[in-house]
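# Reading the structure
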Amino acid sequence: KLTGDEVKEMIYKLSKKGLTPSQIGVILRDSHGVNQVRHVTGTKILRILRAKGLASKIPEDLYHLIKKAVAIRKHLEKNRQDKDSKYRLILIESRIHKLARY
């Protein structure tokens, strides 16, 4: 059974490798048997990283939406007539604007 301090040290190591909080949670769950970090440490992974100054500048969900929008824009440069992708891009961009407000 892992203690809270051991779990925090693992989180710091994994974060320094460049993993996101959700990836850290998956690794801790799958290979170390930590079901919920919050139950062991009392705080969430992102809050632990923020306290240490290791959290990323933009939130993870916003980062992935931006990444997806860039990929669709790149696709649309090659395939101008793809109406469905144009529509999906509008939806994704509206989600980005909605998230950026918070």
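Just above sits the structure.
What comes next is a walk through the structure.

Parameters at a glance
- Residues numbered from 1 in each chain as written.
- Predicted model: local features only at pLDDT ≥ 70, side-chain atom pairs only at ≥ 80, totals over all residues.
- Heavy atoms only, no water.
- 1 Å grid on protein atoms, 1.4 Å probe; cavity = no way out; pocket = protein on both sides within 12 Å on 5 of 7 lines; lining within 4 Å.
- Points joined across faces, edges and corners; volume = space filled by probe spheres on them.
- Helix = DSSP H or I, 4+ residues; strand = E, 2+ residues; numbered from the N terminus.
- Nonpolar A, V, L, I, M, F, W, Y, C, P; charged D, E, K, R; others polar.
- Salt bridge = Lys/Arg side-chain N within 4 Å of Asp/Glu carboxyl O.
- Phe/Tyr/Trp six-rings, centres within 6.5 Å; stacked < 30°, edge-to-face > 60°.
- Lys NZ or Arg CZ within 6 Å of the ring centre and 35° of its normal.
- Expected span 1.5 Å × (residues − 1).
- Contact = heavy atoms within 4.5 Å.

### Some words on the layout of surface pockets
In this model, the largest pocket occupies a volume close to 270 Å³. If you go around the largest pocket, you meet 15 residues; those closest to its centre are Pro 21, Leu 46, Ala 55, Ser 56 and Ile 58. Where the lining of the largest pocket is concerned, the elements lending two or more residues are helix H4 (45-52) and helix H5 (60-78). Take the lining of the largest pocket: its biggest share by element is 3 residues, from H4. A breakdown of the residues in the lining of the largest pocket according to their chemical character gives 9 nonpolar, 4 polar and 2 charged.

### As for the pattern of salt bridges
This model, assessed by the stated rule, comprises 3 salt bridges. Ionic pairing is found between Arg 29 and Asp 30, a salt bridge with its closest N-O pair at 2.9 Å. In this structure, the salt-bridge partner of Arg 73 is Glu 93, at a minimum N-O distance of 2.5 Å. In this pair, Arg 73 is assigned in helix H5 and Glu 93 in helix H6 (residues 83-100), connecting sequence segments 20 residues apart.

### Examining the packing of aromatic side chains
Ring pairs (aromatic) are described by centroid distance and by the angle formed between their planes. Tallying each qualifying case throughout the model produces 0 aromatic pairs. Against the face of Tyr 12 rests Lys 52, its NZ or CZ located 4.8 Å from the ring centre.

### Observations concerning H6
Counted at 1.5 Å a residue, the expected span for H6 with its 18 residues is 26 Å, and the 26 Å between its end C-alpha atoms agrees. Structurally, H6 contributes buried residues whose contacts are with H5.

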